[in-house]
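# Overview (structure and organization)
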Amino acid sequence: MIQKYIKRKVPFYTLYPTQSNWEKINNNENFNSYLEKIIKSNSQLSMYLHFPFCPKQCYFCHCYTVISRKEDHYDKISSSIIKELELLFNAARRFGKKLKITDIHFGGGTPTVIPEQKFEKIIQTIKENIDSDALKEIALEVDPRNDMNSEKLLKYSFYGVNRISLGIQDFDKDVQKAVNRINDYELIDNLLNKKVRETFDSINFDFIFGLPKQTKKSLETTTKKIVSLKPSRITILNMDHRPEIYRHQNAYKEIDLPTDELKIQMYELCTNILILNNYQKIGVNHFALDNDILSKYKNEKKLYRNPNGFSPGWAYDMISVGPSATGKLGNYYYQNIYSVDKYIESIEKKNFPINREKKLNNEDIKRRKIIMDLLNFEELHLKELNDNDILDNNVLYKLEEFVEIDFLNYDEKNQVYSVTDLGSYFINHICNIFDSYKDNKYLSQREFKDGIRSLDRNLNLNKF
Ligand code: SF4
């Protein structure tokens with residue numbers, strides 16, 4: 001019976017409802033009104049900045065990236081991000097307020113290629129305009145290649161960066177060649193010298209299972225090497241092979257990909273190694289040592305999920321800037337435009353560059369809570385779910401089936417379902433039974449007409 005779930009594609013739940021169910025818009029009325037509410041409420045916010053450029057295409061990638069090695073492009077988009085930040089801070093100023101940002105995350109793309117002066121200016125613009133007492137963390141996604149070295153890494157700490165996240169992906173040479181991403185173990189080991197480790201509060205590694213040319217043996221070696229480097233937090237990601245959407249994935253041979261059955265074993269293998277080496281499992285794909293703040297907050301049940309992944313519950317809302325960035329303001333989600341040209345054009349006209357949004361209704365809110373509890377705590381409490389509209393016969397039947405095929409355990413006394421190790425691999429399938437939009441157009445989820453992922457290379461930045 002597992003076979004039918006292996007073959008069934010379901011959305012990847014970071015937010016509910018997922019993006020395929022958001023509406024395209026051509027005015028910012030709702031965004032302005034939710035932003036006003038958030039500003040007036042003085043509530044704490046996370047901030048995400050999306051820098052869309054990468055110097056080189058990794059073939060597994062599913063992020064929104066534009067491949068360019070031109071400093072000029074990096075410079076122009078950074079200037080626009082600064083202008084978008086100013087629009088935001090001006091909006092707060094109109095109500096006599098400063099935003100209470102608790103954590104800032106620089107993601108991408110490759111934010112470590114932002115020219116230093118522009119990086120400094122972005123930080124300065126933020127710090128000068130927020131209530132800086134609330135700020136606890138500045139995190140940066142680091143590509144260990146592209147002229148990165150320990151000195152450059154340490155410089156980021158002068159600007160307040162206290163958490164770094166390194167894309168490792170795999171240490172095996174054949175796998176690295178197949179995915180066009182070479183970053184050796186020695187490179188990472190040298191980068192993370194004593195001073196770097198003492199300077200940053202948290203060091204995160206990302207790695208992927210299911211890559212072309214990967215075997216159980218090669219993944220075991222990579223996972224053990226990763227553990228030997230002792231990052232405080234590790235995220236393992238399941239390779240999403242959809243060459244019809246991510247066209248660069250046509251660059252490797254499909255025959256080199258591990259089968260779905262093998263991927264389940266790979267997931268089990270690396271989670272076991274991490275747990276044996278004292279990493280606590282946080283949700284389905286994050287692992288953290290005891291001294292990492294995610295472990296602490298998981299134990300206190302204060303974990304929260306925002307559009308960018310886990311947050312230790314400092315803020316429930318996220319304001320996001322940069323092309324394609326996704327934000328959440330209470331029961332409202334929004335996304336900026338993908339196309340870099342159109343993004344800059346909108347910023348030049350002093351308009352927030354939003355072109356997709358979702359206002360949640362009461363049912364969405366209830367379903368979101370169930371899905372987030374599954375993702376964060378891997379549990380489902382029936383007593384909290386006295387809702388016949390949600391717990392209909394179809395859902396109850398599915399829950400029973402999931403117990404039968406070992407995706408869930410059921411504690412009858414407390415009426416709690418908990419996700420098993422095997423169920424962790426299928427967590428999106430479990431969440432999917434609570435998705436009331438699940439019959440809608442999943443295939444269209446990544447068909448973005450306003451900028452094609454990773455192929456949006458005909459930039460026309462010179463006109464700005
Ligand atoms: S994996 Fe990272 S560095 Fe590679 S193309 Fe994607 S965003 Fe860029």
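Residues numbered from 1 in each chain as written. Predicted model: local features only at pLDDT ≥ 70, side-chain atom pairs only at ≥ 80, totals over all residues.

### Some details on the overall build of the protein chain
The criterion, for reference: Segments assigned H or I by DSSP are reported as helices when at least four residues long, segments assigned E as strands when at least two residues long, and all are numbered from the N terminus. We compute the radius of gyration over the C-alpha atoms and compare it with the globule rule, which gives 2.2 Å times the number of residues raised to the power 0.38. As a rule, residues whose C-beta atom has 12 or fewer other C-beta atoms within 10 Å are exposed, those with 20 or more are buried, and those in between are partly exposed; C-beta atoms are placed from the backbone. Two residues qualify as a contact pair if the distance between their C-beta atoms, derived from the backbone, is within 7 Å.
Each helix and strand counted, the protein chain has 16 helices and 20 strands in total. Against the compact-globule benchmark of 23 Å for 464 residues, the protein chain has a radius of gyration of 22 Å, which places it among compact chains. In terms of overall dimensions, the protein chain has a C-alpha envelope of 60 × 50 × 40 Å along the principal axes. Looking at the protein chain residue by residue over its 464 residues, the buried ones come to 41%. Counting contacts in the protein chain only where the partners sit at least 6 residues apart, residues at least 24 apart contribute 74% of the total.

### Observations regarding the sheet that holds strand E19 (residues 408-411)
Threshold: At least two DSSP bridges between two strands are required for those strands to pair. Every axis corresponds to a line fitted to the C-alpha atoms, with the helix fit spanning only the stretch in contact, and the corresponding angles, defined between N-to-C directions, vary from 0 to 180 degrees.
With respect to topology, three strands assemble into an open sheet ordered E18-E20-E19, the strand pairing being antiparallel. The open sheet is flanked by strand E18 (379-381) and E19, the only strands paired with a single partner. Strand-to-strand, the axes of this sheet are offset by a mean angle of 15 degrees, without reference to chain direction. Here E18 runs beside strand E20 (residues 416-419); their pairing, made up of three bridges, is antiparallel. When the sheet's bridge partners are listed, Leu380 is paired in E20 with Tyr417. This element, helix H13 (residues 362-377), spans E18 and E20 of the sheet and lies at about 135 degrees to E18.

### What about the pairing of strand E8 (residues 202-209)?
Condition: The handedness rule is simple: strands pointing away from the viewer, and a clockwise path from the first strand over the helix to the second, make the crossover right-handed.
Burial within E8 is extensive, with six of its eight residues counted as buried. Relative to E8, strand E7 (residues 163-169) is paired through six bridges, and the arrangement is parallel. Its bridge partner lying in E8, Gln169 is registered against Phe207. As judged from the six bridges shared by E8 and strand E9 (residues 233-238), these two strands associate in the parallel manner. Within E9, the residue paired with Phe205 across the bridge is Ile234. In the classification by handedness, the crossover that spans E8, the intervening helix H9 (residues 216-228) and the parallel E9 is right-handed.

### Examining helix H3 (residues 71-94)
Applied cut-off: One fewer than the residue count of a helix, multiplied by 1.5 Å, yields its expected span.
Helix length check: H3 (24 residues) gives 35 Å between terminal C-alpha atoms against 34 Å at 1.5 Å per residue, within 8%. Among the residues making up H3, those that are buried are Tyr74, Ile77, Ser78, Ser80, Ile81, Glu84, Leu85, Leu88 and Ala92. Contacts made by the buried residues of H3 are with helix H2 (29-41), strand E2 (44-51), strand E3 (53-54), helix H4 (116-129), strand E14 (317-321) and helix H12 (340-348). Among the residues trailing H3, Gly96 stands out with phi positive, at a value near 65 degrees.

### Things to note about the site of the ligand
Rule in force here: By definition, a residue lies near a molecule or strand provided its backbone-derived C-beta atom is within 6 Å of it. Three categories are distinguished: nonpolar for Ala, Val, Leu, Ile, Met, Phe, Trp, Tyr, Cys and Pro, charged for Asp, Glu, Lys and Arg, and polar for the others, with Gly belonging to the last.
Cys54, Gln57, Cys58, Cys61, Cys63, Thr65, Gly108, Gly109, Thr110, Asp143 and Gly167 make up every residue found near the ligand. For the shell around the ligand, the per-class residue count stands at four nonpolar, six polar and one charged.

### Thoughts on H12
In plain terms, the rule: Within this analysis, the arc is defined by the directions that extend from the helix axis to the C-beta atoms.
For H12, the full list of buried residues reads Val340, Tyr343, Ile344, Ser346 and Ile347. The buried residues of H12 occupy an angular sector of 160 degrees when projected down its axis, which confines them to one face. Structurally, H12 contributes buried residues whose contacts are with strand E4 (66-67), H3 and strand E16 (332-336). Of the residues flanking the end of H12, it is Lys350, one or two places downstream, whose phi is positive at about 60 degrees.

### Structural notes on the domain arrangement of the protein chain
Under the convention used in this document: A domain assignment, automatic or from a database, supplies the domain bounds used here.
Segmenting the protein chain into domains produces domain 1 (15-136 + 314-360) and domain 2 (362-438). Taking the mean C-alpha position of each, domain 1 and domain 2 sit 32 Å from one another. Contacts between the two partners involve five residues from domain 1, matched on the other side by seven residues from domain 2.

### Side note on the packing of H9 against helix H10 (residues 260-276)
How we decide: When describing relative orientation, an angle under 35 degrees is termed roughly parallel and one over 145 degrees roughly antiparallel, while 65 to 115 degrees is termed roughly perpendicular and anything else oblique. For any pair of crossing helices, the crossing counts as left-handed if the nearer helix is rotated counterclockwise from the farther one by less than a right angle, and right-handed if it is rotated clockwise.
Viewed as axis vectors pointing N to C, H9 and H10 meet at an angle of 25 degrees, and their least axial separation amounts to 10 Å. With respect to H10, the element H9 is oriented roughly parallel. You can see that H9 and H10 cross each other, and the crossing is right-handed. The segment H9 lies against H10, with Lys216, Leu219, Glu220, Thr223, Lys224 and Val227 engaging Gln265, Met266, Leu269, Cys270, Ile273 and Leu274. The residue inventory of the contact of H9 with H10, partitioned by class, reads seven nonpolar, two polar and three charged.

### Regarding the pairing of E7
In terms of burial, E7 is a largely internal element, seven of the seven residues being buried. Alternating residues of E7 divide into Arg163, Ser165, Gly167 and Gln169 and Ile164, Leu166 and Ile168, and every residue in both groups is buried. One ladder, built from four bridges, connects strand E6 (residues 137-142) with E7; its direction is parallel. Bridging across to E7, Ala139 finds its partner in Arg163. Assessed by its sense of winding, the connection that carries the chain from E6 through helix H5 (residues 150-158) to E7 is right-handed.

### Considerations on the packing of H3 against H12
Relative orientation of the contacting elements H3 and H12 amounts to 45 degrees, with a least axis distance of 10 Å. Considered as vectors, H3 and H12 are oriented oblique to each other. Judged by the sense of rotation from one axis to the other, the crossing of H3 with H12 is left-handed. On the side of H3, the interface is formed by Lys76, Ile77, Ser80, Lys83 and Glu84, while H12 contributes Val340, Tyr343, Ile344 and Ile347. Split by residue class, the contact of H3 with H12 holds five nonpolar, one polar and three charged.

### Quick notes on the environment of Asn26
Looking at the secondary structure, you find Asn26 in the loop between strand E1 (23-24) and H2. By the C-beta count within 10 Å, which is 6 here, Asn26 ends up exposed. When the C-alpha atoms of Asn26 and Asn355 are compared, they prove to be 6.3 Å apart, with 329 residues separating the residues in sequence.

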